[in-house]
Amino acid sequence: MATQTPARVSIDTADPDEAHSYLQTTYVEHSVRLTGSRDHFRFRHHITDGGRFFVARYEHSMNCQVDTDPFGYLLIGQVARGRLRLQAGEHHDLSPAHGELFLIDPHTPMRINWEDFKAGLVKLDLDVVQRVAAETTGDPDARVRFGLCRAVSAERARHWQNLVRYVTHDFCNNELAYASPLIYGHTMRLLAATVLETFPNTTMGAAPDRPGGADASAVRRAVAYIDDHAAEPIGLAEIAAAARLGARTVQEAFRRHLDTTPVAYLRRVRLERAHRDLGAADPVGTTVAEIAARWGFAHHGRFAALYQSCYGHSPSHTLRG
């Protein structure tokens, strides 16, 4: 887990060999065939690398064909200029238009052709997506699969684009948020959940687990787990496992017995811990933002509003004593 801000790496070269050596290291092993003039070649690439994800700007001026190994992670892109053709085997062929989102099958070798190509790219760790997929289906053993595909709708594509802008411009530039394990974990879950909603995959249309064994004792187990582990980057999957229920079943149990959800209960516990820490802190050396980030609240304004509604005064009032 990183402790400052994401690494930022840039390359700007007129040497095709240097460019593709860099691409081999950054993305995936591949063979390459270039056509066109090398005299005016230009490759530019900038990464904001957050560890389990990166966001990149990519520009390659020559016509190119690459044959790749399986990527092994999710790669989501949006064409900004030029032409792109993606092929996964003989029967899966995609040529996204300007501005269109695409997702590359992480398990299949690819043939990729582009001409004077510019794009935005997001890489996301498959383990993160798999964890959220298990929550979605309620089946911890289910394996999510994606194919080469477009976004399921223009609305979902816009939602993904807005999230990427938030991650790039807000989360990655907020040292307190990025350094908080709780906020980092929440952001990874948000990226994964949005990918699952935006691109066709095997979790779409999965039948939910049916309530069973969702009695008060299961809720008590979940509540005890939340109380003991609120300072850790836990989520619905961990809470459900502690309750010995499926993810959707534990949500139904919380609604039935506590009139809330597990995640809302977790947020309330973390707000109480932030309230406690604000009251105990030295106002000279501590800020509200630091304590809010410690307990998973990335947005200062929303934290202040939530705190005001719960305690009747501002968090800075509590900090000042």
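Quick note: structure is the one above.
Residues numbered from 1 in each chain as written. Predicted model: local features only at pLDDT ≥ 70, side-chain atom pairs only at ≥ 80, totals over all residues. Heavy atoms only, no water.

A. Just unusual backbone geometry, in detail. If you check the backbone angles, R244 has positive phi at about 60° while not being a glycine. Its location among the elements puts R244 in the loop between α7 (236–243) and α8 (247–258). Of note in the backbone geometry, D259 takes a positive phi value of approximately 55° without being a glycine. Its location among the elements puts D259 in the loop between α8 and α9 (262–280). What makes D259 exposed here is its relative accessible area of 71%. (Helix = DSSP H or I, 4+ residues; strand = E, 2+ residues; numbered from the N terminus. Buried < 20%, exposed > 50% of the residue type's maximum accessible area, 1.4 Å probe, protein only.)

B. Spatial organisation of the environment of D116. Within the fold, D116 resides in strand β9 (residues 110–124). Of the residues examined, D116 reaches a relative accessible area of 34% and is grouped as partly exposed. Distance in space between the C-alpha atoms of D116 and S61 is 4.2 Å, their sequence separation being 55 residues. Beyond its immediate chain neighbours, meaning those up to four positions away, D116 contacts H60, S61, M62, N63, R81 and G82. Reaching out from D116, the side chain makes a polar contact with the side chain of R81 at a distance of 3.1 Å. (Contact = heavy atoms within 4.5 Å. Polar contact = N/O pair within 3.5 Å; in protein donor to acceptor, adjacent residues only side chain to side chain.)

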